[in-house]
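Okay, here's what each chain looks like letter by letter:
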Amino acid sequence: MAGGGDGEAAAIVAAPLLEKKPATVYFEGCPGCAIDRRKEESAAIPYKLFFHIWIINLASAIRDLHIAKRVEDIGFYAGLVGASYMLGRALTSIFWGVVADRLGRKPVIVFGIVSVLVFNTLFGLSTHYWMALATRFLLGSLNGLLVPMRAYAVEVCRPEHQAIGLSLVCTSWAMGLVIGPAIGGYLAQPTDKYPSMFPASSLFGRFPYFLPCLCISLFCFVILISCIWLPETLHSHKLGKTEDQATESLIDLPAAESEESVEQHVTAPENKNLFKNWQLMSSIILYCMACFDDMAYSEIFPLWAESDRSYGGLSLSTTDVGQVLAVQGATILLYQTFIYPHKVRVLGPINASRVMAILSMMLLFTYPSMACLSQPWLSIVLNIASALKANFVVTIVTCSVILQNNSVSQDQRGTANGLANTLMSFFKGLAPAGAGIVFSWAQKRQHALFFPGDQLVFFLLGIVAFIEFIWTFKPFLAVPSKWVMFSSCPPPQHIKARWKLLSDLY
């Protein structure tokens, strides 16, 4: 969003799109320059690198195996063990972002995969709760994969393909949440399920949850080996002390290139304080609000769906709720892969976020009325509404990540993602507790005059979505200049020209 509306956007479009850009300067031996040169020479989508990003994130995402046996184990696993992972991630995300900006994306990615391999194996060998708690906390602390992978997904592709790259990061996490419980369900306690293959006296009899963890660790080992061919994207110019040495280190530099142009590439720009970068901080706030919305809804939905109809619920079983969530996860995969990139290409991240926020608010206001429906219409409507709500939120989340990564220079991108990850972890930690308190309070006011019962819960969730919508406008959200053309809905005939201009900015 930027002031000036269509007038400013029209002025941008009026700029000569075919104006010749100055020759790009590349530094020999710099991995970042090698990636930039490949992007300039080829406009194709880097499917191979995108698949590598997807599979690495999948290895990190498969951690929730749902392998608890007794009721008290389930409560402990879902509570303390899950919280320990989030706490560890919140405490170290900024650190891993700084490391990724100093040493490169690849070292942090490799170290994160090693940490998943080691601590996931140790988790399967845990014999006491404190061991499970410690291994999950250390895994959250030492696995900084999410921080550099978002920056990496932006840096390996041209700007018109960023939406695809970041959507793959989201789909891999969604896929992990589906595959993880499936692996745990099939492979946990193998001596009971497959006694002919796994005798009770074997290692898997002593450690009944080791087999699923071992399978994930072997998968991580294969991914670790594949990282040998993973290119680095961070620039590391090998510069001499004199101007002659610096000039000799350049390739593809025309003889007529001015001294000023050389100096612009040799001298790194002064970094801006991230906390004073309102473009970054405003997009992080939008990101945190969307994550809070998603986490609060995820906490409330099963409680509401399983509560009795006399309390405004749907009286569904846990199996019914699980089926709804499975359909929801499948639709996220399809939406993020095939629909979301095209939506952002047409609307841009700002307008896409606005549309999804207002639709999410309107959808939430319809939830209480679902208690009046009977089967099979209840299942049909609930599955559709749940799928729409999940995709509305994931659109805002992914769009805010695009804005974050375009609000800073490359040498601050890892730290910026680490800061966003830290704040997001705290918001996700607050959401379940707040949602649970509000839901319990709402159950006690079934006959209130103002939003009785669950109507209050979904009204407050709708208010959160409305705040997200308001935040996408000035003065709250500051938009990077490259996205200003999308901040006011352009006429269809300008969309193609504006997208070409966006590509030329790079």
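Asks: Is there a simple way to explain the packing of helix 15 (residues 318–364) against helix 16 (residues 377–405) in this structure?
Replies: In a pair of packed helices, the angle between the axes and the distance between the axes together describe the arrangement. Closest axis-to-axis distance for the helix 15/helix 16 pair is 4 Å, and the angle between their directions is 50°. Between helix 15 and helix 16, the crossing angle belongs to the class labelled oblique. The handedness of the crossing between helix 15 and helix 16 comes out as right-handed.

Asks: What should I look at first to understand the packing of aromatic side chains in this one?
Replies: How two aromatic rings sit relative to each other is set out by the distance from centre to centre and by the angle between their planes. For the structure shown, the criterion picks out 19 aromatic pairs. Between phenylalanine 301 and tryptophan 304, the ring centres sit 6.2 Å apart and the planes meet at 55°, which makes this aromatic pair tilted. Highlighted residues: phenylalanine 301 and tryptophan 304, both in helix 14 (residues 278–306), separated by three residues, approximately one helical turn. Comparing phenylalanine 301 with tryptophan 304 shows no difference in burial state: the two are buried. Here phenylalanine 365 and phenylalanine 459 contribute two aromatic rings whose centre-to-centre distance is 6.2 Å and whose plane-to-plane angle is 20°, an arrangement assigned as stacked. Taken together, the residues phenylalanine 365 in the loop between helix 15 and helix 16 and phenylalanine 459 in helix 18 (residues 454–471) connect sequence positions 94 residues apart. Note on phenylalanine 365: relative accessible area 41%, which makes it partly exposed. Grouping aromatic residues by their ring pairs yields a cluster made of Tyr297, Phe301, Trp304, Tyr367 and Phe458. In this structure, arginine 136 is placed above the aromatic ring of phenylalanine 123, and the distance from its NZ or CZ to the ring centre is 4.0 Å.

Asks: For this particular structure, what's the right way to read the side chain of threonine 121?
Replies: Note that threonine 121 resides in helix 5 (residues 105–124). Given the relative accessible area of 18%, threonine 121 is considered buried. Reaching out from threonine 121, the side chain makes a polar contact with the backbone oxygen of leucine 117 at a distance of 2.7 Å. With residues up to four places along the chain from it excluded, the contact list for threonine 121 reads Val116, Phe210 and Ser217.

Asks: It is not clear to me how unusual backbone geometry should be interpreted in this structure. Could you clarify?
Replies: Cis geometry is found at the peptide bond from glutamine 375 to proline 376, where omega equals 5°. With respect to the secondary-structure elements, proline 376 resides in the loop between helix 15 and helix 16. Cis geometry marks the peptide bond from lysine 474 to proline 475, where omega comes out at 0°. Position of proline 475 relative to the elements: it lies in the loop between helix 18 and helix 19 (492–504). Phi angles above zero are rare outside glycine, and serine 315 is one such case at about 60°. By the secondary structure assignment, serine 315 is in the loop between helix 14 and helix 15.

Rules behind the numbers
- Residues numbered from 1 in each chain as written.
- Predicted model: local features only at pLDDT ≥ 70, side-chain atom pairs only at ≥ 80, totals over all residues.
- Heavy atoms only, no water.
- Axes fitted to C-alpha atoms, helices over the stretch in contact; angles between N-to-C directions.
- Helix = DSSP H or I, 4+ residues; strand = E, 2+ residues; numbered from the N terminus.
- Parallel < 35°, antiparallel > 145°, perpendicular 65-115°, else oblique.
- Left-handed = near helix turned anticlockwise from the far one by under 90°.
- Phe/Tyr/Trp six-rings, centres within 6.5 Å; stacked < 30°, edge-to-face > 60°.
- Buried < 20%, exposed > 50% of the residue type's maximum accessible area, 1.4 Å probe, protein only.
- Lys NZ or Arg CZ within 6 Å of the ring centre and 35° of its normal.
- Polar contact = N/O pair within 3.5 Å; in protein donor to acceptor, adjacent residues only side chain to side chain.
- Contact = heavy atoms within 4.5 Å.

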